[in-house]
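Fold and contact review
Each chain is listed here by its residues.
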Amino acid sequence: MPTPQQRTGVYEKIRHYRATKPLFALDFQNDAEYVGGCIAGGHRYLHINANGDIDPCVFIHYSDSNIRDKTLLEALRSPMLMAYHKGQSFNENMLRPCPMLENPEKLRQMVEESGAHSTDLQSPESTEHLCAKCDRYAEQWKPVADKLCQENRKKKKASENFSA
């Protein structure tokens, strides 16, 4: 995982490239504003592992559905993916959209309420064990992300006022 300083550096570097190069590079961790928040949980994509378990994300191995037992539409209506749907975008700050990395309390709640289970084929773990590894990261990233978000909003507002 990048430190908050490293993640800020990536954020700034990608935006510099966009401003100076004829391309639109996408930064999975820092560009939720361009895709409406977290894209997982069937919002834009989901993950089906080799066992057929339907996980909300390739990084989040918890499921209450298997493609061998349910249709895709049934899985999208399952308690786990519906919890994702209801929770999205998980945070108003689009630099903090992930229910695991930036809002681990949300993942804990969704798994508990849905009755989902770990689908990690090599190292199954409880949500408490996984999310405990993310709590400190979320705490450290929050003030940095909030500052970047405020600066970004000010820049956008100034740009809108300039062009009006």
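Presented here is an overview of the structure given in this document. (Residues numbered from 1 in each chain as written. Predicted model: local features only at pLDDT ≥ 70, side-chain atom pairs only at ≥ 80, totals over all residues. Heavy atoms only, no water.)

A cluster of nonpolar side chains, contributed by Ile-48, Ile-67, Leu-72, Leu-73 and Leu-76, occupies part of the molecular surface with about 380 Å² of accessible area. Considering every element that reaches the nonpolar patch, the biggest residue donor is helix α2 (residues 72-76), with 3 residues. Within the secondary structure layout, Leu-72 lies in helix α2. Note on Leu-72: relative accessible area 41%, which makes it partly exposed. (Patch = residues over 30% accessible without salt bridge, like charges linked within 9 Å, V, L, I, M, F, W, Y side chains within 5 Å. Areas by Shrake-Rupley, 256 points an atom, 1.4 Å probe, with all protein chains shown as cover. Salt bridge = Lys/Arg side-chain N within 4 Å of Asp/Glu carboxyl O. Helix = DSSP H or I, 4+ residues; strand = E, 2+ residues; numbered from the N terminus. Buried < 20%, exposed > 50% of the residue type's maximum accessible area, 1.4 Å probe, protein only.)

One finds Ile-60, Tyr-62, Met-80, Tyr-84, Met-100, Leu-107 and Met-110 to be the most contacted residues of the largest nonpolar core, which totals 25 residues. The set of elements that each furnish at least two residues to this core consists of α3 (79-87), α4 (104-114) and α5 (127-163). Ranked by residue count, the leading element in this core is α5, at 7 residues. Not counting chain neighbours up to four residues away, the residues in contact with Tyr-84 comprise Cys-38, Ala-40, Gly-41, Pro-56, Ile-60, Phe-90, Pro-99 and Met-110. (Core = buried A, V, L, I, M, F, W, Y, C linked by side-chain atoms within 4.5 Å. Contact = heavy atoms within 4.5 Å.)

Turning our eyes to something else, we now look at the packing of aromatic side chains. Counting across every chain of the model gives 3 aromatic pairs. An angle of 80° between the planes, with centres 5.1 Å apart, marks the rings of Phe-24 and Tyr-34 as edge-to-face. Residue Phe-24 is located in the loop between α1 (4-20) and β1 (47-48), and its partner Tyr-34 is located in the loop between α1 and β1; the two are separated by 10 residues in the primary sequence. The class for Tyr-34 is partly exposed, based on a relative accessible area of 42%. Over the ring of Phe-24 we find Arg-18; its NZ or CZ atom is 4.2 Å from the centre of that ring. (Phe/Tyr/Trp six-rings, centres within 6.5 Å; stacked < 30°, edge-to-face > 60°. Lys NZ or Arg CZ within 6 Å of the ring centre and 35° of its normal.)

Within α3, the full set of buried residues consists of Met-80, Leu-81, Ala-83 and Tyr-84. Along the axis of α3, the buried positions cluster into a sector of 155°, meaning they face one direction only. Seen from the buried face of α3, the exposed residues on the opposite side, beyond 90 degrees, are His-85 and Lys-86. (Arc of directions from axis to C-beta.)

Attention shifts here to the environment of Gly-115. Position of Gly-115 among the secondary structure elements: in the loop between α4 and β4 (117-118). Sequence-wise, Gly-115 and Ser-63 are 52 residues apart; in three dimensions their C-alpha atoms are separated by 8.4 Å.

We now examine unusual backbone geometry. With an omega of 20°, the peptide bond between Gln-88 and Ser-89 qualifies as cis. Here Ser-89 is to be found in the loop between α3 and α4. The backbone of Phe-90 shows a phi angle near 70°, a positive value even though the residue is not glycine. Of note, Phe-90 is situated in the loop between α3 and α4.

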